[in-house]
Amino acid sequence: MLVPVSVGLLVQSVWFENFQLTMAGSGVAMLSLLLVIPLWAEGSNTNCPLCWTPVLTPKACSKHRDARKLMGSHRLRVALAILFKNQFRCPYCNESTALELRHSPRHVTDHWSQLD
């Protein structure tokens, strides 16, 4: 959403010859670039627990026939579902997944050893 806003600000700054709008558009463009880097880093680590496909990275894999889009994007639907419902439906296997903290076996054994 930041990219269209920055392009709109830059076009408007050229149209009205306004230096402040140019600076604002450039700032929004830089902010969008700074936010894309962590998105790529974290997006490659978010996998569906059933099919192990990264759900927040663009893949050329075929989507499930019942997978729905939000504003033309499967990833946007997954991201908003994670943020607001704490669960998501994988666009590749169409399985619903609740997000929960899973402890590794190491933490479980440490917990039981502390009880003894």
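Every chain's residues receive numbers from 1 upward, in the order its sequence appears when written. Only residues with pLDDT of at least 70 get local features here, since the model is predicted, and only at 80 or more are side-chain atom pairs given and counted; chain-wide, interface and lining totals rely on the full set of residues. Where side-chain values are given, they derive from all heavy atoms of the structure, hydrogens and water being excluded.

### Focus: the overall build of the protein chain
Along the backbone of the protein chain there are 4 helices and 2 strands. Helix and strand definitions here come from DSSP, where helices need a minimum of 4 consecutive H or I residues and strands a minimum of 2 consecutive E residues; each element is numbered from the N-terminal end. Listing the helices and strands of the protein chain from first to last along the sequence gives α-α-α-β-β-α. Burial classes follow relative accessibility: with a 1.4 Å probe on protein chains only, a residue under 20% of its type's maximum area counts as buried, one over 50% as exposed, and anything between as partly exposed. Every one of the 116 residues in the protein chain was classed for burial, and the buried ones make up 22%. Note on contacts: a residue pair is in contact if any heavy atoms of the two residues lie within 4.5 Å. Taking contacts inside the protein chain between residues at least 6 apart in sequence as the whole, the part at least 24 apart equals 36%. Method for areas: the Shrake-Rupley scheme with a 1.4 Å probe, in which residue coverage is limited to the protein chains shown. When the accessible surface of the protein chain is totalled, it reaches about 9100 Å², and 63% of it is carbon and sulfur.

### Describing the confidence of the model for the protein chain
Confidence of the prediction at every residue is given by pLDDT, a number between 0 and 100. Looking at the protein chain as a whole, the pLDDT averages 83, with 86% of positions reaching at least 70. Ranking the helices and strands of the protein chain by mean pLDDT puts strand β1 (residues 87-89) first, with 91, and helix α4 (residues 105-115) last, with 56.

### What about the environment of Glu100?
Within the secondary structure, Glu100 is located in the loop between β2 (96-98) and α4. For the pair Glu100 and Gln87, spaced 13 residues apart in sequence, the C-alpha to C-alpha distance is 8.8 Å.

### Regarding a positive patch on the surface
A contiguous patch of positive charge on the surface is contributed by Arg68, Arg77, Lys85 and Arg89. By the element assignment, Arg89 lies in strand β1. A relative accessible area of 45% places Arg89 in the partly exposed class. A patch consists of residues exposed above 30% relative accessible area that lack any salt bridge, with like charges linked at up to 9 Å and nonpolar side chains (Val, Leu, Ile, Met, Phe, Trp, Tyr) linked at up to 5 Å. Just to be clear on terms, a salt bridge is a Lys or Arg side-chain nitrogen sitting within 4 Å of an Asp or Glu carboxyl oxygen. In this tally, Asp and Glu contribute negative charge and Lys and Arg positive charge; neither His nor the terminal groups of the chain are included. To locate a charge, the coordinates of NZ of Lys, CZ of Arg, CG of Asp or CD of Glu are taken.

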